[in-house]
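So the chains spell out like this:
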Amino acid sequence: MQQLSDATLIRHKCLIGHKWVDADDGAVIEVLNPLDGAKLGTVPRMGSAETIRAIDAAADAFPAWSGLIPNVRARLLHAWHGEIQRHLDDLARILTLEQGKPFAEARGEVAMGASYIPWFAEEARRAYGAVIPVPRRGVQPITRLQPLGVVAAITPWNFPSSMLARKAAAILAAGCTLVCKPASATPYSVLALAELAKRADIPDGVINVVTGTPSAISTAIGGDFRVRALTFTGSTAVGKELMAAMAPTMKRLCMELGGNAPFLVFDDADLEKAVDVCMASKFRNAGQTCICSNRILVQRGVHDAFVKGLVGKVSALKVGGGTEPGVQCGPLIDADAARKCDAMVQDATGKGAKVLCGGTLLPDKGPGFFAPTVIDGMTPDMRVFREEIFGPIAPVMAFDTEKEAVRLANDTEFGLASYVCTRDLGRSLRVSAALEYGMVGVNDAVLAMPEVPFGGIKDSGHGREGGFEGLRDFMETRYTLLGGL
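Remember, it's a predicted structure, so these values are computed and weren't measured experimentally.

Participant: Requested: an account of the environment of Gly 149, with residues and values cited.
Facilitator: Topologically, Gly 149 is positioned in the loop between strand S6 (140-147) and strand S7 (150-154). Taking C-alpha positions, Gly 149 is 33 Å from Glu 436, a pair spaced 287 residues apart along the chain. In this structure Gly 149 touches Phe 62, Cys 176 and Thr 177, once residues within four positions along its chain are discounted.

Participant: Give a detailed account of the sheet that holds strand S5 (residues 130-131), specifying residues and quantitative values.
Facilitator: Reading across the sheet, the three strands line up as S5-S6-S20 and stay open at both edges, with antiparallel pairing between neighbours. Where the open sheet ends on each side, the last strands, each with one partner, are S5 and strand S20 (475-482). Pairing of S5 with S6 involves two bridges; the strand directions are antiparallel. Across the sheet, the residue bridging to Ala 130 is Thr 143, located in S6.

Participant: I'd like a rundown of the layout of surface pockets, residues and numbers included.
Facilitator: In this approach, a probe sized like a water molecule rolls over the atoms, and the result shows the empty space that is left. Volume-wise, the second largest pocket comes out at about 260 Å³. For the lining of the second largest pocket, the leading source of residues is strand S3 (residues 28-32), giving four residues. Counted by class, the lining of the second largest pocket contains nine nonpolar, three polar and two charged residues.

Participant: A description of the sheet that holds strand S18 (residues 439-442) should follow, citing residues and the corresponding values.
Facilitator: Taken in spatial order, the seven strands make up an open sheet running S14-S15-S16-S13-S12-S17-S18, and their pairing is mixed. The open sheet has two edge strands, strand S14 (354-357) and S18, and neither has a second partner. Across this sheet, the average inter-strand angle for adjacent strands is 25°, counted without regard to direction. One ladder, built from three bridges, connects S14 with strand S15 (residues 373-376); its direction is antiparallel.

Conventions adopted
- Residues numbered from 1 in each chain as written.
- Predicted model: local features only at pLDDT ≥ 70, side-chain atom pairs only at ≥ 80, totals over all residues.
- Heavy atoms only, no water.
- Helix = DSSP H or I, 4+ residues; strand = E, 2+ residues; numbered from the N terminus.
- Contact = heavy atoms within 4.5 Å.
- Pairing = 2+ DSSP bridges.
- 1 Å grid on protein atoms, 1.4 Å probe; cavity = no way out; pocket = protein on both sides within 12 Å on 5 of 7 lines; lining within 4 Å.
- Points joined across faces, edges and corners; volume = space filled by probe spheres on them.
- Nonpolar A, V, L, I, M, F, W, Y, C, P; charged D, E, K, R; others polar.
- Axes fitted to C-alpha atoms, helices over the stretch in contact; angles between N-to-C directions.

All we've got here are geometric facts, nothing functional implied.
This is the structure we're talking about:
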């Protein structure tokens, strides 16, 4: 790959135990640059047999890894974090080439994902059990937290680096071992992180990476009792299929699924700040985030002023390849994603919405480009209201009362992220409590950080990544009753 200081970070094979290996039959998957469709390389197309060997390796490594005292695991995780920091620019370049996002965004993603590693390294040292008050004479109940065992992770293409780091940090800190299947479109970021884990002397078998056929890999994971948990980030539809596949072996599930985030702007909001927060939420990664604002609901008294400010900022976004200087909006992951955006705009305008800027494919820039777009006049019967857009489209709708805004915001099966812009403290608390979402950002859009619980409710999944809850997802409570005292 171009412009890398350390080309050995690019791995075209999978990591199982101590070896980088090909698929048994030599089959491969092509990895394409979303900017122009150019081939970046290949990775193995693995199936159930290779996945079972990866589980074997993780299961073999588990006793020794879980047996390390937490501060020893912490030292190894800190070393991994140090390797990532030293190769930050190369990791960001890899991410931009395979995913398309601007280099500055890619660098931010790698750094943010890596920040979870030292957090969980230290949090594992505080995974306390309990000495329970004596319920009767002569006994003493105690509890302790122990690692689950082998954990499988299936990571998405939109944030391949941060999702692997975030999941692996908690899994490894808890004392579990990992089998990861990255998205086929963006495997190199995950494989590079695995390479750096080896350089940090994380033992063989603790991290295993398999690329290949999703159905064969997930079936092997679902049928193997040694895998005690699955963490997945992706669509709700796939998440529900995986839940069913994991049921026979009663795996613990941590699912971060689709979103349909409302962005509420009240008439007492700082409008300049509200526009900036909306831009940060909506257009990061060209709108390809599960927590980005999907439906922008603006109180009627400030609707026109807010829309004017938003259109001005969106129209000024620089669109282009992620490695070009100053680019703020790159290509979507592929041409199908761009065509979906076009179909959503056509649906909205056909039902009465008005395009204020953008709204078109940009084939001259590449197959995955869609112009950053603002649509006014959204209604609940439009696809942009009901579906997760996953593209650079900002649909706006006016509302009159706080009660109406909350009703519209909650009118969805999803419940991941939501946003509120107001300068009224009472309203911020009242509306936050009424919104049926796992996360609410008030006058701020940066929800993810190591110290906080990230996750959703309803059809957006369950479990939390980050905070002390993130570690508990991969540990189980063991209870001992000491008698004869």
